[in-house]
Amino acid sequence: MKRVKIGVLGAYRGTSLINYCKIAENAEVVAICEKNEATIARHKAMMGGDKITYYTEFDQFLTHDMDAVVLANYATEHAPFAIKCLRAGKHVYSEVLPCQTMKEAVELVEAVEETGLVYAYGENFCYMPAPFEMSRLYREGAIGELEYAECEYGGSIEPEWPCLTYGNKDHWRNNTHANFYCTHSLGPIIHMTGLRPVRVTGFEGKKIERNLRVGAKAGQFGIEMVELENGALIKSLHGYLYNHSTWYTVYGSKGRMESAREDAHAGSVNMLYVNNDEYSGQYRKEKESWKAYEPVLPLDEKSKAFGHGGGDFYAMHYFAEKILGDDDADIIDVYEALDMGLAGMFAYRSVLQGGVPVDMPNLRDKAERDKWRNDTMCTDPKVAGDMLIPSFSLGNPDIPDEVYDRMKALYQEALEQNTGHVAAQFLQNSPEKINEQK
């Protein structure tokens, strides 16, 4: 079987995606680009004798003989690199989020359209067991048409913050707004229904001590109330809330589906509950009207060692299959990626306007793009220019440098002791675990 030759930009987050290629029949890693040379050395030690070329400069990396690039760089910088890759003739798998500004969104859509190459958005939560099965059931009509949904992704990640931001005060995680990182919650609902968001109202949590003492400027959490093209509503919640939670519930015209919560001790996103009414539900007469089960997905034997409930595996698998010519491969294309990501962007614009509903742009419509072509509004001063907005709606908090110095010291300590998120990124899906799946 032909293998897609893949290059990976960003070796921290990219580890799980690199390791997919170690067991895949449809892909292989041929190049890795990483600016941190210590990280490269660590990867070389892990990869053994693999024939992988390593780069520290992106432009050199982009000239390598490869079919596609996986973007696992900073979440605010995916679009510019995706556009460069597409223009260089490479298919693109982009980690979250798709873009930081509307200008980038327009340029990204047009680069995909003009090149005709595959763009797949790596919203791996869509491929975790319960959301993945919910997509299958929804598309089969099991619960009818969506009427209302709730989704959430959050947790107190203060212990991991030093290894997520390295003590860098300018790191994107310290400077984005509360609604920015929205697609782990909202994404699976958009993907399973295929419905387009048309309007959003945003809400922002207050400033809290847990954020300030690690150097994060944003409000505690973001909420998006999203109206879809069929009139259905979604409440999306994400942010730095106490204890971890990933949860989805979907109400349709014929029934309801829901993943388990962590606190239920029932498998969380591995467990699914399905309810259908006795009058119009799929399970009337021939099946029971309620059931709970752990979905078994088609490639679970290979995917079980991978992060995000196997989501990393499935997202990469379908990306490679799409490149190899499977038109039905279940990827998230550029339009759907923007439906997911722009909901958070425009929710924060709603917050800045006092919480009024704002219309969502439809970038499938070429006539609508010119309005946004030069819109650089974001929280990143390197990108926003004179359209810079604060990370918190009432103004950025004043955080002393000592906070970031402390985060940097904790990061160095974690590196030395092989603890924390950075070590976990390298050690998850270790070569031993991956080899078991071969």
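Structure first, text after, so check above.
A brief look at the structure comes next. Note on numbering: residues in each chain are counted from 1, in written sequence order. Restriction of local features to residues with pLDDT of at least 70 applies here, the model being predicted, together with a cutoff of 80 or more for giving and counting side-chain atom pairs; totals for whole chains, interfaces and linings are based on all residues. Based on all heavy atoms of the structure, the side-chain values leave hydrogens and waters out of the count.

1. Some details on the packing of helix α9 (residues 183-193) against helix α13 (residues 334-352)
Our working definition: The axes used here are C-alpha line fits, helices contributing only the stretch in contact, and every angle between their N-to-C directions lies in the interval 0 to 180 degrees. Helix and strand labels come from DSSP, where a helix needs a run of H or I of at least four residues and a strand needs a run of E of at least two; each type is numbered from the N terminus. Small angles under 35 degrees read as roughly parallel and large ones over 145 as roughly antiparallel, with 65 to 115 read as roughly perpendicular and the rest as oblique. For any pair of crossing helices, the crossing counts as left-handed if the nearer helix is rotated counterclockwise from the farther one by less than a right angle, and right-handed if it is rotated clockwise. Whether two residues touch is decided by their heavy atoms; if any such pair falls within 4.5 Å, the residues are in contact. Residues are grouped as follows: nonpolar covers Ala, Val, Leu, Ile, Met, Phe, Trp, Tyr, Cys and Pro; charged covers Asp, Glu, Lys and Arg; every other residue, Gly included, is treated as polar.
Contact pair α9 / α13: the axes reach a minimum separation of 9 Å and the direction vectors enclose 140°. Regarding the angle of α9 to α13, the classification is oblique. Judged by the twist between their axes, the crossing of α9 over α13 is right-handed. In contact with T183, L186, G187, I190 and H191 of α9, α13 contributes E336, D339, M340, G341 and A343. Here the contact of α9 with α13 is composed, by residue class, of four nonpolar, four polar and two charged.

2. Topic: the packing of aromatic side chains
Two numbers describe a pair of aromatic rings. These are the distance of the centres and the angle of the planes. Rule in force here: What counts as a ring pair is set by centres within 6.5 Å for rings of Phe, Tyr and Trp (its six-membered ring), and what kind of pair is set by the plane angle: stacked under 30 degrees, edge-to-face over 60, tilted for all other angles. A simple rule labels every residue: compare its accessible area, found with a 1.4 Å probe on the protein chains alone, to the largest value its type can have, and call it buried under 20%, exposed over 50%, or partly exposed in between.
The tally for this structure, following the rule as stated, stands at 19 aromatic pairs. Each ring, one from Y12 and one from Y166, has its centre 5.9 Å from the other, and the planes form 55°; the classification is tilted. Taken together, the residues Y12 in the loop between β1 (4-9) and α1 (14-23) and Y166 in the loop between α7 (161-165) and α8 (172-175) connect sequence positions 154 residues apart. Under the relative-accessibility criterion, Y12 is labelled buried at 15%.

3. Observations regarding the side chain of H91
Turning to its location among the elements, H91 is positioned in strand β5 (residues 91-94). Residue classification places H91 among the buried residues on the basis of a relative accessible area of 15%. In this structure, H91 is in contact with D67, A68, V69, L117, V118, F319 and I323, ignoring residues within four places of it in sequence.

4. Observations regarding helix α15 (residues 401-417)
Applicable threshold: In a helix, the anticipated span is given by 1.5 Å times the number of residues less one. Arc, as used here, means the arc of the directions from the helix axis to the C-beta atoms.
In this model α15 runs 25 Å from its N-terminal to its C-terminal C-alpha over 17 residues, within 8% of the 24 Å that 1.5 Å per residue would give. Buried within α15 are the following residues: V403, Y404, M407, Y411 and A414. All buried residues of α15 lie within an arc of 90° about the axis, which places them on one face of the element. Summarising the geometry of α15, the exposed residues directed more than 90 degrees from the buried face are E402 and E416.

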